[in-house]
Amino acid sequence: MNIYIVCAHPESASFNNSLVTTATQSFENLGHQVKVTDLYAHDFDPCEHARHFHPRKNSHRFDVQAEQRHGYENDTLPAQVDSQLAALHWADLVIVQFPLWWFGAPAMLKGWMDRVLVYGGLYSSEQRFEQGVCRGKRVLLCVTTGSSADECAPNGREGNTHLLLWPIQYAFRYVGFEVLQSYLIHGIWADCTATGRDLNEELQRFSSFCADIDQAAVLPFNSPTDWDERGQLKQGAPSYTPFIQHADDSIFNNAIDSAKV
């Protein structure tokens, strides 16, 4: 199996990078091929911009999707993006390693997604979800939080971490990936400490998880037949996340209605 690990943490001695090392060793010991990219170490530019595209399809107006597609079809994508695309095509499993910052991904990782999930290369209106270019591949988000597991629970004051990660997971699903349930490690501080427990035990636990990756839970998503002609969830179709619910069941709509009172 080919495994590509993308790390988005600015400190090379961080616990996040220790997790990358652990995963690499675990997979290689089992005979898998592993490639790793450290976005900060490689000074990846997270800002999509007209300056990245030469030659331009339209030099007067910058249309991101049009320029991405033009660059992909003409083999003129920026070298940083082209190498990342090649790694994604090579991989059977992608692991994205990052700390939760302000209830989401670091800007570096969001920018990586903006630039590397190339329109015309990894998705289009005809190639997305079940027909996405990355169908048959799997992706895992491995995420650390500074807050405790209790605070990051569905009833915790930090909010449900699994729910916070759903937009990132859905983006990978959009380009065809099978998405594994995120691997979360809570209570990790900037100085690589964890209150009341041994981080070496956490690393060993993650190593064991990697060794049994084929047993990891897969997130469910709605099928093409679950949507009506307007792109809305059909009556009776399953709802797997609060982000996509039947209108009369939506906790978000109820919360908005309550706020208007």
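Residues numbered from 1 in each chain as written. Predicted model: local features only at pLDDT ≥ 70, side-chain atom pairs only at ≥ 80, totals over all residues. Heavy atoms only, no water.

- The name given to the chain in an unreviewed UniProt entry is Glutathione-regulated potassium-efflux system ancillary protein KefF, with the source organism recorded as Pseudomonas fluorescens.

### Describing the pairing of strand E3 (residues 93–99)
Then step 1. In terms of burial, E3 is largely enclosed, as seven of its seven residues are buried.
Then step 2. Of the two faces of E3, the one lined by Leu93, Ile95, Gln97 and Pro99 and the one lined by Val94, Val96 and Phe98 are each fully buried.
Then step 3. Pairing between strand E1 (residues 2–7) and E3: five bridges, direction parallel. Its bridge partner being in E3, Ile5 is matched across the sheet by Ile95.
Then step 4. Bridge analysis of E3 against strand E4 (residues 138–144) gives seven bridges, and the strand direction is parallel. Opposite Gln97, over in E4, you have Cys142 as the bridge partner.
Then step 5. In this fold, the crossover linking E3 to E4 by way of helix H4 (residues 107–116) has right-handed handedness. (Buried < 20%, exposed > 50% of the residue type's maximum accessible area, 1.4 Å probe, protein only. Helix = DSSP H or I, 4+ residues; strand = E, 2+ residues; numbered from the N terminus. Pairing = 2+ DSSP bridges. Right-handed = clockwise from strand over helix to strand, strands pointing away.)

### With respect to helix H2 (residues 64–73)
One turn of an α-helix holds 3.6 residues; hence residues three or four places apart share an orientation.
Then step 1. Inspection of H2 places Glu67, Gln68 and Gly71 among the buried residues, and these make up the whole buried set. In a view along the axis of H2, the buried residues occupy a sector of 100°, so they form one face of it.
Then step 2. Contacts from the buried residues of H2 go to H4.
Then step 3. Sitting at the amino-terminal end of H2 is Asp63, which places a side-chain oxygen 3.2 Å from the backbone nitrogen of Gln65. (Arc of directions from axis to C-beta. Contact = heavy atoms within 4.5 Å. Polar contact = N/O pair within 3.5 Å; in protein donor to acceptor, adjacent residues only side chain to side chain.)

### Some details on the pattern of salt bridges
Side chains that carry opposite charge are capable of pairing whenever their charged atoms lie near each other.
Then step 1. Under the defined criterion, the tally for this structure stands at ten salt bridges.
Then step 2. Salt-bridge contacts for Arg56 lead to Glu67; the nearest nitrogen and oxygen are separated by 3.3 Å. Here Arg56, found in the loop between strand E2 (33–38) and H2, pairs with Glu67, found in helix H2; they are eleven residues apart in sequence, far enough to count as distant.
Then step 3. Residue class for Arg56 comes out partly exposed when judged on its relative accessible area of 24%.
Then step 4. Arg230 is the partner of Asp228 in a salt bridge, and the nearest nitrogen-oxygen pair spans 3.6 Å. (Salt bridge = Lys/Arg side-chain N within 4 Å of Asp/Glu carboxyl O.)

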